[in-house]
Structures are given as C-alpha cells and as structure tokens.
Amino acid sequence: MNSNRHRIYYLRKKIIFPHCVMNVALERSASSDEIRRGDSIVTYPVRNFVDLVLYKNRTGTLSEITDISVKGEKLTLVLKGITRVSLKKIDRSQHVLHSGFEVVLPENPEHLREELRKKSQELIFLINVEESDKLINLINYLVDLDQMTDFISNYFVLNFRKRYSLYRENDIARRTTKLIRFIDEVIDTVKKKRRDGAK
C-alpha cells in the first residue's frame, strides 16, 4: 500500500490526538477482519453529514493499531495517534489518500511551554484526582510543545467543539494560546462551583 494511502475509519464526534491512545469499538465485518496489530490507519472525526461530503483538506489522524480484541460481533481496537494528516481523496469510503501538514513552530516555545505547564498543574491541583501526581510527572516530562498541547488537550479539554478547534490548529503558538484560555475557563468554573458550594 502506498505510504500516503491508508484505510480510513470514521469516528462520530471522537478525536484521536497524536501521541495519545484511544479504544475504538467497531462492528465486526469482513473488512474489519483484515486488519492486524501494527497496521496503520487514518481516523477521521465526523461531526455531521457535511464532514462526510466536504472532507477534502480536513484533518485526520494517522494512527497505529497497537492491540485488537474480539468479543462476539464487537471488535475493539487500541489506537495510538501518530500525526495529523490532510485528507485528499477518499476511495469507496474505505481508503484515503492523504498528505502531511506544514506545522508552524512558535518563535518562543519555552515561554509558551512554561505557561501551559503552570496552568495545567494549577488545574490538576484543583481537581485533585488519584492520578494527579502521575499527570504532573508526565507533563513535566514533556518538552516538545506540539506533543504537550496534544496530550493536555486530550486529557483536560472535554468539550468536543473546543477539542475539535485545538485538533485542527496547525500553528502551535495559536494552539497553545487557545489551550491556555480553555484551561483558564475550566479553572474559573471549578473555583466558582466551590465558592457557590461553600455558601
């Protein structure tokens, strides 16, 4: 198979960010039985009918199948996002020709990285879940701003519209600034709920 042609899977209002892992359940079929662990596929988040028709130059994720489990007629794939791709031509709704995106790197990544790290840590301390220490360690470990924004977007931005906006942004400085604003909104919401609950 050509290196820029892969099987495509449509995800209903779900996004696989690069560098992140997601389980995807499928109905078992003759075509799904052909897939193997280690295969690469493209996942494409679909919001509505328009996304199916006007797909050209939309964003998908080249993903690796890291595990497959079968239970009756259900097939569950464990997918690891690799990189964003631009969809060019879908063939019979099953395969897609795609190309890479030109990523716009920020001029001052260190400043943006530290601001994003600080805001993320503030949110983690606020929500205080069992995995808080692990999440802080993971964020501290990440140094690539592109990877960092995807990781934080995947785990901390739950609103699909906002997730989709971050997913489609290839200018990393703009993506980071937008993500910081979204985290600030969540922090303000959590603080407000706590103030209201304390009254």
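Residues numbered from 1 in each chain as written. Predicted model: local features only at pLDDT ≥ 70, side-chain atom pairs only at ≥ 80, totals over all residues. Heavy atoms only, no water.

Engineer: When you look at the packing of helix α2 (residues 109–127) against helix α3 (residues 132–141) in this model, what are you seeing that I'm missing?
Structural biologist: The geometry of a pair of packed helices is captured by two quantities: the angle between their axes and the separation between those axes. At a minimum axis separation of 10 Å, α2 and α3 run at an interaxial angle of 175°. With respect to α3, the axis of α2 lies roughly antiparallel. Seen from α2, the contacting residues are R117, S120, Q121, I124 and F125; seen from α3, they are S132, L135, I136, I139 and N140. A breakdown of the residues in the contact of α2 with α3 according to their chemical character gives five nonpolar, four polar and one charged. (Axes fitted to C-alpha atoms, helices over the stretch in contact; angles between N-to-C directions. Helix = DSSP H or I, 4+ residues; strand = E, 2+ residues; numbered from the N terminus. Parallel < 35°, antiparallel > 145°, perpendicular 65-115°, else oblique. Contact = heavy atoms within 4.5 Å. Nonpolar A, V, L, I, M, F, W, Y, C, P; charged D, E, K, R; others polar.)

Engineer: Whenever I open this one, the pairing of strand β5 (residues 74–91) confuses me. Can you help?
Structural biologist: A regular strand places its side chains so that they alternate between the two faces of the sheet. Pairing of strand β2 (residues 21–27) with β5 involves seven bridges; the strand directions are antiparallel. From the neighbouring strand, M22 faces β5, where its bridge partner is L79. Taken together, the twelve bridges between strand β4 (residues 59–71) and β5 define a ladder with antiparallel strand orientation. In the sheet register, V70 faces β5, and the bridge partner there is L75. (Pairing = 2+ DSSP bridges.)

Engineer: Explain unusual backbone geometry here, please?
Structural biologist: Note: most peptide bonds trans; most residues except glycine with negative phi. One non-glycine residue, K13, adopts positive backbone phi at about 50°. Relative to the elements of secondary structure, K13 occurs in the loop between β1 (5–12) and β2. Phi at H19 is positive, roughly 75°, even though this residue is not glycine. Its location among the elements puts H19 in the loop between β1 and β2.

Engineer: Explanation requested: the pattern of salt bridges in the structure shown.
Structural biologist: Any two side chains of opposite charge can pair, so long as their charged atoms come close to each other. One pass over the full model with this rule turns up 17 salt bridges. D171 is paired through a salt bridge with R174; the nearest N and O atoms lie 3.6 Å apart. On the basis of relative accessible area, D171 is assigned to the buried category, the value being 14%. Connected via shared salt-bridge partners are R84, D146, D150 and R175. (Salt bridge = Lys/Arg side-chain N within 4 Å of Asp/Glu carboxyl O. Buried < 20%, exposed > 50% of the residue type's maximum accessible area, 1.4 Å probe, protein only.)

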